[in-house]
Amino acid sequence: MRQPETKEIFTIQIRFSDRVGFIADISTALAAGGYNITSMELHKSQSFSSLYVGLSHDKNSGSFAEIYSVVKKVPDVQDIQTVTETHTEEGLSAGFESIIGVSKAIKDTIKTAIKAAATDVIVTLRGESGTGKEVFAKAIHTKSGRKGIFIPVNCAALPESLLETELFGYEAGSFTGADKQGKPGLFEVAKNGTLFLDEIADIPMNMQGKLLRALQEQKVRRIGGTKELDTDVRIITATNRNIEEMVQSGLFREDLYFRINLLPIFVPSLNERQEDIKLLANHFLSNLNIKRHEGAQILCDESYEKLLSHKWKGNVRELKNVIERAAILCDSNIISSEFILFASDISKVMQKQDILGGKTLKLHMENTERGIIKETLKNTTSIRQAALKLGISHVALLNKIKKYNL
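The structure displayed is predicted, hence computed values, not measured ones.

A.B. asks: Account for the overall build of the protein chain, with residues named and values stated.
C.D. replies: Looking only at helices and strands, the protein chain features 17 helices and 15 strands. Burial status across the protein chain gives 47% buried among its 406 residues. Total accessible area on the protein chain is roughly 20600 Å²; 51% of this is exposed by carbon and sulfur atoms.

A.B. asks: Please give an account of the sheet that holds strand β13 (residues 263–266) that cites residues and values.
C.D. replies: Across the sheet, which stays open at both edges, the five strands sit in the order β6-β9-β12-β5-β13 with parallel pairing between neighbours. Only two strands of the sheet have a single partner each, and these edge strands are β6 (150–154) and β13. With direction set aside, neighbouring strand axes in the sheet form an average angle of 20°. Pairing of strand β5 (residues 123–126) with β13 involves four bridges; the strand directions are parallel.

A.B. asks: Describe the packing of helix α16 (residues 383–390) against helix α17 (residues 394–403), naming the residues involved and giving the relevant values.
C.D. replies: Remark: α16 packs on α17, axes separated minimally by 9 Å, with the N-to-C direction vectors making an angle of 105°. Between α16 and α17, the interaxial angle falls into the category roughly perpendicular. Across the interface between the two elements, Ile 383, Arg 384, Ala 386, Ala 387 and Leu 390 from α16 touch His 394, Leu 397, Leu 398 and Ile 401 from α17. Grouping the amino acids of the contact of α16 with α17 by side-chain chemistry returns seven nonpolar, one polar and one charged.

A.B. asks: Tell me what's going on with helix α12 (residues 301–309), and back it up with residues and numbers.
C.D. replies: Looking at α12, one finds that the buried residues are Ser 303, Tyr 304 and Leu 307. Angularly, the buried residues of α12 cover 100° about the axis, an arc narrow enough to put them on a single face. Set apart from the buried face of α12 by more than 90 degrees, the exposed residues are Asp 301, Glu 305 and Ser 309.

A.B. asks: I'd like a description of the nonpolar core, backed by residues and values.
C.D. replies: Phe 187, Leu 195 and Leu 197 are the most contacted members of the largest nonpolar core, which totals 30 residues. For this core, the secondary-structure elements that each account for two or more residues are β6, α6 (160–168), α7 (186–189), β9 (194–198), α8 (205–217), α9 (243–248) and α10 (254–260). With five residues, the single largest contributor to this core is α8. In this structure, Phe 187 is in contact with Leu 167, Phe 168, Leu 195, Leu 211, Ala 214, Leu 215, Val 220, Thr 231, Val 233 and Ile 235, ignoring residues within four places of it in sequence.

A.B. asks: Lay out unusual backbone geometry with the relevant residues and their values.
C.D. replies: The backbone phi angle of Asp 76 is positive, close to 80°, even though this residue is not glycine. Inspection of the secondary structure assignment puts Asp 76 in the loop between α2 (63–72) and β4 (77–89). On the accessibility criterion, Asp 76 (33% relative accessible area) is partly exposed. One non-glycine residue, Glu 199, lies in positive phi territory at about 55°. A relative accessible area of 16% means that Glu 199 is categorised as buried.

A.B. asks: Mind laying out the confidence of the model for the protein chain, listing which residues take part and the relevant values?
C.D. replies: Here the protein chain averages 82 in pLDDT, while 85% of its residues score no lower than 70. Taken element by element, the protein chain is modelled with least confidence in β4, mean pLDDT 64, and with most confidence in β5, mean pLDDT 97. Contacts of residues 1–6 to residues separated by more than four positions or lying in other chains number eleven contacts, the stretch itself having pLDDT below 50. A low-confidence stretch, residues 87–93 (pLDDT under 50), is modelled with 17 contacts involving residues beyond four sequence positions or located in other chains.

A.B. asks: Any details on a nonpolar patch on the surface? Residues and values, ideally.
C.D. replies: Taken together, Ile 23, Ile 37, Met 40 and Leu 42 make up a surface patch of nonpolar side chains, about 280 Å² in accessible area. The element that contributes the greatest number of residues to the nonpolar patch is strand β2 (residues 36–44), accounting for three residues. Checked against the element boundaries, Ile 23 lands in helix α1 (residues 22–32). For Ile 23, a relative accessible area of 32% gives the class partly exposed.

A.B. asks: How would you summarise the packing of aromatic side chains if you had to cite specific residues and measurements?
C.D. replies: Aromatic ring pairs: the centre-centre distance and the angle between the two ring planes describe each pair. Tallied over the full model, the rule gives five aromatic pairs. With centroids separated by 5.6 Å and ring planes inclined at 85°, the aromatic side chains of Trp 312 and Phe 342 adopt a geometry described as edge-to-face. Here the residue Trp 312 occupies a position in the loop between α12 and α13 (315–329), and Phe 342 occupies one in the loop between β15 (334–335) and α14 (343–351), the gap between them amounting to 30 residues. Taken as a pair, Trp 312 and Phe 342 share a single burial class, namely buried. The cationic tip of Lys 278 hangs over the ring face of Tyr 304; the distance from NZ or CZ to the ring centre is 4.6 Å.

Rules of the game
- Positions within a chain are numbered from 1, following the residues in the order the chain's sequence is written.
- Residues qualify for local features only when their pLDDT is at least 70, as the model is predicted, and side-chain atom pairs are given and counted only at 80 or more; totals for whole chains, interfaces and linings, by contrast, use all residues.
- Hydrogens are left out, water is left out, and the side-chain values use all remaining heavy atoms of the structure.
- Helix and strand assignments come from DSSP, with helices taken as H or I runs of at least 4 residues and strands as E runs of at least 2, each series counted from the N terminus.
- Using a 1.4 Å probe on the protein chains alone, a residue whose accessible area is under 20% of its type maximum counts as buried, one over 50% counts as exposed, and one in between counts as partly exposed.
- Residue burial considers only the protein chains on display, and all accessible areas are found by Shrake-Rupley using a 1.4 Å probe.
- At least two DSSP bridges between two strands are required for those strands to pair.
- A fitted line through C-alpha atoms represents every axis, and for helices the fit uses only the stretch in contact; the resulting angles, taken between N-to-C directions, go from 0 to 180 degrees.
- The cut-offs work like this: below 35 degrees is roughly parallel, past 145 is roughly antiparallel, 65 to 115 is roughly perpendicular, and the gaps in between are oblique.
- Between two residues, a contact is recorded if the distance between any of their heavy atoms is within 4.5 Å.
- Only Asp, Glu, Lys and Arg are considered charged, only Ala, Val, Leu, Ile, Met, Phe, Trp, Tyr, Cys and Pro nonpolar, and every remaining residue, Gly among them, polar.
- What the arc covers is the set of directions going from the helix axis to the C-beta atoms.
- Here, nonpolar core refers to any group of buried Ala, Val, Leu, Ile, Met, Phe, Trp, Tyr and Cys residues whose side-chain atoms link them within 4.5 Å.
- Confidence of the predictor at the level of single residues is captured by pLDDT, which takes values from 0 to 100.
- The patches described consist of residues with a relative accessible area above 30% and no salt bridge, like charges being joined within 9 Å and nonpolar side chains (Val, Leu, Ile, Met, Phe, Trp, Tyr) within 5 Å.
- Salt bridges are counted wherever a side-chain nitrogen of Lys or Arg sits within 4 Å of a carboxyl oxygen of Asp or Glu.
- Ring pairs shown here join Phe, Tyr and Trp side chains whose ring centres sit within 6.5 Å, with only the six-membered ring taken for Trp; geometry is labelled stacked below 30 degrees between planes, edge-to-face above 60, and tilted in between.
- Only when the NZ of Lys or the CZ of Arg is both within 6 Å of the ring centre and within 35 degrees of the ring normal is a charge said to sit over the ring.

Set out below in structure tokens:
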């Protein structure tokens, strides 16, 4: 029996000294190495030029490691960064390809999730807040091949009465204010699809019993109705709470726990996948770069070191916020470590507002920036020379000169 080929899909960022013919040389080198170019996007700034290249490779081994030696042979390459990397078996759905990571922890989780996707069993995703449980839920739905839609429900955000009507629907005139036509519940709407019950541990005890019956019988009855409706829906649940302790404390029904805990999948925290921090940071920054009009940004080595030394209580969600904050606050093409601000840093800055003369962080940084630009303009002979010295584009500097009335 033929073994399925291993396919590698990844995106790299190449920084280079701009010259005529560079893109052609890179394309030729990659093609000679057996890489298939799936996308290419160029970003230019005064400091450097960046080329984002999407690649796929069908070799069974060594291809990803060889990409650096292949690219480095091209003159004028300054630096290479991996933005995303995904190892997939032939035919793997795009859902799992969207999960960023090369660590053993995340790869093992993906393997388990792929196995689960091939079945109809209830899956419970466990893990800390911000680890990406909904991303996994969507990937499982996509890989399952179900033709219906994916519907997420945050069980903690809805009061019991509203949660019941959302899940099970209601008949016309069943309560004051009810729609005259009645309303189907999400169990009906998600027919042939997937219903993702996020924060399931926060469902009230009374609702837990109704949910258990729906899962066991695969039937639902609308509020105010008498007819039971068959359901054909994949159920995925998620929680960041210790549901076993809740069962022991009588806060969660034991029978419902056993019903949803057939196949628990534990999504690792970001602290358990250190190898992925740089990869994820580059991924988030590259997405922001696509929207920028002042040239691409990159993180300096000190910024990476600061990210790697941090303890991530908010996991991937926190990392994304940190990168977005840095990209907004930093106007240079190279993001220095001073712009890598965590929640504790923001709190300290707010506490020290009196020291800053009552100014917010943004205002304080703008005043500092104005002074630096003013001094640079004084010591250079042209705006273009000043932009080059500041590490920003000519257009960006013109905008700042206008902003600060310099």
